[in-house]
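As a plain string of letters, each chain reads:
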Amino acid sequence: MPRGKKRTQPEEVPERKRRTTRRTKRAIEEDEAEEEAPEEPFVPPTRPMVDHRPLPVLSPVAQRRLMKELESLVKNPVEFATIDAKDDNLARMIANLTGPAGTIYAGEHFVLQFTFPATYPIDSPEVVFLPPHVPMHKHIYSVGHICLSSLYDQWSPTLGIRGVLLSIISMLASSPRKERPADDADYARECTLNPKDTSWAFHDDRC
Amino acid sequence: MEDDEFEEDEGIQDEDEEIEEGVSPIVSAVEFQVIAPDQIRDKQEEIKAQVADVLGLPPDLCQMLLIQFQWNKELLLEKFMDNPEKVQAEAGVIVAPPPPLPAKFECDICCCEFRRADGIALNCGHLFCRECVRGHLENAVSQGPTCISTPCPHSGCPAKYPEPIFASVLGTGKFLEKYNEFLRHSFVEGSHDMKWCPAPGCSFACISTGGGTACKCRCGHLFCFRCAAEAHAPATCDMVEKWTMKCNDEREDLTWITGNTKQCPKCHIPIEKNQGCNHMTCSRCRHEFCWMCRGPWTEHGSETGGYYKCNKYDPKKHDDPYAVDAKNQLTYYVHYFERYTGHQQSQKFASGQLKKAQEKMVELQSRPGYDSQRAAFILQAVEQVIECRRVLKWTYVFGYYLKDGPEKNLFEFLQRDLERTTEHLSELSEAPVEQIDRMELVNYSTATRKFLHNLMVGIENGLSR
Ligand SMILES: [Zn+2]
Ligand SMILES: [Zn+2]
Ligand SMILES: [Zn+2]
Ligand SMILES: [Zn+2]
Ligand SMILES: [Zn+2]
Ligand SMILES: [Zn+2]
Ligand SMILES: [Zn+2]
């Protein structure tokens, strides 16, 4: 399962990036002037994830397809996952995940949020973990964004909710260590609410 | 050809048959073929057919293989001979026909039921309804260039959509147009002997048929086939890249050079340059000076014997009020940058003169003894100025990176010759019709071409006498 590291989309960041570089430069100069300013202790980034974007209005195809998917998930549930959907608006669903037995996450509780675009399933859903229920994983950022190619450019319209859940569970099951991506702090500063705005560069599992 | 008028200039006498009129010694149009977008398609079909011939597969599938190999036919054939299954799998090509399809099916995207005839399946046998396939393909096209290898919507299925399905499902419209454009781009960008003309808005592509680098597009743009910058002989691609970077670094500090206004060295009123030639006359005090070096023009003419030396960098000359902060390095750079910019501005100005030259030609044709052919010398002179300005501009990049020594001396000698005649030709060509002396202009055009030739050949021969 390819996953990887992010690069934020060019039109999103350059302005901000440039500012960051300048600030860093000045910071270095100041440091030199003041002779070793005491190093700030590392504080894990937290960012308000208050999402004020209006929910998409689903097309009839998307509605029918999601109804079918829910039916199938009731009939034949995915192990370690339950879906919480409100009949009046299928554009957003919550999945409660339990760390799979026999893995380093066994028994932990995670919350996954699906937001379906109007053009679902031609377009992929936006899938994020809701802080603080975010697994400690090398390819999952603390803001909840998941580095998983099938959610972005490798999405295929037949994958569906089940396919996404299975991919994420297998991602957890194969994790040897609890750790964050190396660029977690930078990413938290640069990303937008929608992980699909990030242009993801996927590596293989060794990254 | 007329060759009187020139007394002291050796080299312009009677050897002008060496260079054909109108053909520049540094641009060989023979080495490039310029093609329009619809001809690109023909080229593409040609290669498809060649591969289909060798592999014995349908051309549309061969196109998928070629796309996978960025249109590198040789590499594709080689890899295919090694391991055809692997190559096909990676390209999403399934040669075997699909398994028997059911009479009715449920589309896995929209969850509706359809008859087989209303569905579309690749050889993988995954049936989807036409509407959903259309949505899938349109979405792929709006994602960008990767749409030319769009996979079957079935999760994990390797099969990819060939061009005919795009054409039939998308119908006519902007999505198909976009798809075709991406396809064309993948072809031109993949083919190592083909390049897009870099001029903005130009859709021609150029095919290299020889070893040359200066390519002239049908739109008139002259560019370097290797680095896509403006054709830059005698400077190398490497020099141009370094120079451009250097100029970007220094730009902010040197805006006074790139501006169109300088002070009169005598009375100090600001003077705006509104002509291509560097012979300036102050509007207030009538002082004549050189725009490039701000020295008196009297020192620039051949009459005084105090030749045109403003192309040579002289570290002792410190009369430049702007360069007082001068570390030598900066004044050295400023010297070249100022002249580079000067010729660049003059080149632009001369390009703007083309229209005026045509008007002058028309005016001239109303006179006895002038037909369009006989009046064409005015236009040719301006074209000659444009070319010389462009080359002179790049000689200052070349010169900047050239180490001191006898080669540099010879180079500066040749450069000075070309600069001097170009300056004169430029001045002559900007004159109003009634002041134009045909013979003089023709002579100077010929002389300038000659000096341009000498310079380029001199550099080609390594600048040794
Ligand atoms: Zn990674
Ligand atoms: Zn369908
Ligand atoms: Zn398929
Ligand atoms: Zn062009
Ligand atoms: Zn070049
Ligand atoms: Zn003056
Ligand atoms: Zn001068």
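Residues numbered from 1 in each chain as written. Chains lettered and ligands numbered in written order. Predicted model: local features only at pLDDT ≥ 70, side-chain atom pairs only at ≥ 80, totals over all residues. Heavy atoms only, no water.

The name given to chain B in an unreviewed UniProt entry is RBR-type E3 ubiquitin transferase, with Paratrimastix pyriformis as the source organism.

The name an unreviewed UniProt entry assigns to chain A is Ubiquitin-conjugating enzyme E2 W, from the organism Paratrimastix pyriformis.

A. Representation of the coordination of the zinc ion (ligand 6) within the structure. Residues and elements named next belong to chain B. Distances from the zinc ion (ligand 6) to its protein donors, Cys 264 (SG), Cys 267 (SG), Cys 282 (SG) and Cys 285 (SG), fall within 2.2 to 2.4 Å. Classification of the site at the zinc ion (ligand 6) rests on its four donor atoms, whose angles at the metal span 105 to 114 degrees, yielding the label tetrahedral. All donors of the zinc ion (ligand 6) belong to a single chain; written as a sequence motif, their spacing is C-x2-C-x14-C-x2-C. (Donors = N, O, S within 2.8 Å, 3.2 Å for Na, K, Ca; no water. Tetrahedral: all angles 85-135°; square planar, octahedral: opposite > 155°, others 65-115°.)

B. Fine view of unusual backbone geometry. At the junction of Tyr 120 of chain A and Pro 121 of chain A, the peptide bond is cis and its omega measures out at 0 degrees in the coordinates. Note on placement: Pro 121 of chain A falls in the loop between strand E4 (109–115) and strand E5 (126–129). Between Ala 233 of chain B and the following residue, Pro 234 of chain B, the backbone shows a cis peptide bond with an omega angle of 5 degrees. Mapping Pro 234 of chain B onto the fold places it in the loop between strand E9 (222–224) and helix H8 (237–250). Notably, Phe 80 of chain A is not glycine yet its phi reads approximately 70 degrees, a positive angle. The topology assignment puts Phe 80 of chain A in the loop between helix H2 (60–75) and strand E2 (81–86). Phi is positive for Trp 71 of chain B, close to 65 degrees, though the residue is something other than glycine. Mapped onto the elements of the fold, Trp 71 of chain B is located in the loop between helix H2 (59–68) and helix H3 (73–82). (Helix = DSSP H or I, 4+ residues; strand = E, 2+ residues; numbered from the N terminus.)

C. The interface of chain A and chain B, seen in detail. Counting residues at the interface gives 11 residues for chain A and 15 residues for chain B. Of the roughly 1,000 Å² buried between chain A and chain B on both sides combined, carbon and sulfur atoms contribute 61%. Among the residues chain A hides against chain B, the three largest losses belong to Arg 64, Ile 122 and Thr 158 of chain A. Together they make up 46% of the total. The tally of links from chain A across to chain B stands at one salt bridge. Among the ionic pairs, Glu 106 of chain B bridges to Lys 68 of chain A, the shortest N-O distance being 3.5 Å. Joining chain A to chain B, the criterion identifies seven residue pairs in polar contact (both at pLDDT 80 or more). Split by residue class, the side of chain A that touches chain B holds five nonpolar, two polar and four charged. (Contact = heavy atoms within 4.5 Å. Buried area = accessible area lost by both parts, 1.4 Å probe. Salt bridge = Lys/Arg side-chain N within 4 Å of Asp/Glu carboxyl O. Polar contact = N/O pair within 3.5 Å; in protein donor to acceptor, adjacent residues only side chain to side chain. Nonpolar A, V, L, I, M, F, W, Y, C, P; charged D, E, K, R; others polar.)

D. Representation of the pairing of E2 of chain A within the structure. Residue and element names in this part refer to chain A. Bridging between E2 and strand E3 (residues 89–98) involves six bridges; their strand directions are antiparallel. Among the inter-strand pairings, Asp 84 is bridged to a residue of E3, identified as Ile 94. If you look at the hairpin formed by E2 and E3, you'll find two residues sitting between the two strands. (Pairing = 2+ DSSP bridges.)

E. Representation of the pattern of salt bridges within the structure. Residues and elements named next belong to chain B. Under the definition given, this model contains 20 salt bridges over all chains. With a shortest N-O distance of 3.8 Å, Glu 163 and Lys 48 are connected by a salt bridge. A residue pair is termed long-range when its members are at least 10 positions apart, and Glu 163 in helix H6 (residues 163–170) and Lys 48 in helix H1 (residues 37–55) qualify at 115 residues. There is no split in this pair, since Glu 163 and Lys 48 are both buried. The closest approach of N and O atoms between Arg 294 and Glu 338, which form a salt bridge, is 2.8 Å. Of the two residues, Arg 294 is situated in the loop between strand E13 (288–290) and helix H10 (328–365) and Glu 338 in helix H10; the sequence distance between them amounts to 44 residues. A relative accessible area of 5% means that Glu 338 is categorised as buried. (Buried < 20%, exposed > 50% of the residue type's maximum accessible area, 1.4 Å probe, protein only.)

F. Expanded view of the pairing of E3 of chain A. As paired strands, E3 of chain A and E4 of chain A are joined by seven bridges and run antiparallel to one another. When the bridges of E4 of chain A are listed, Arg 92 of chain A appears paired with Thr 115 of chain A.

G. Structural view of the nonpolar core. Counting residues in each nonpolar core, the largest one holds 57 residues, and the members touching the most others are Leu 65, Cys 107, Leu 137, Phe 166 and Tyr 179 of chain B. Sequence-distant contacts of Tyr 179 of chain B, that is, excluding residues within four places in its chain, are made with Val 141, Cys 147, Ile 148, Pro 162, Glu 163 and Phe 166 of chain B. (Core = buried A, V, L, I, M, F, W, Y, C linked by side-chain atoms within 4.5 Å.)

H. Spatial organisation of the sheet that holds strand E6 (residues 194–196) of chain B. All names here are of chain B. The strand order across the open sheet built from three strands is E1-E7-E6, with neighbouring strands paired in antiparallel fashion. Edge positions in the open sheet fall to strand E1 (32–35) and E6, since each of these has one partner strand only. Averaged over all adjacent pairs, the angle separating strand axes in this sheet is 25 degrees, with direction ignored. Sheet topology places E1 next to strand E7 (residues 205–208); four bridges connect them, and they run antiparallel. Its bridge partner lying in E7, Gln 33 is registered against Ile 207. Packed on one face of the sheet, H1 meets E1, E6 and E7 and runs near 115 degrees to E1. (Axes fitted to C-alpha atoms, helices over the stretch in contact; angles between N-to-C directions.)

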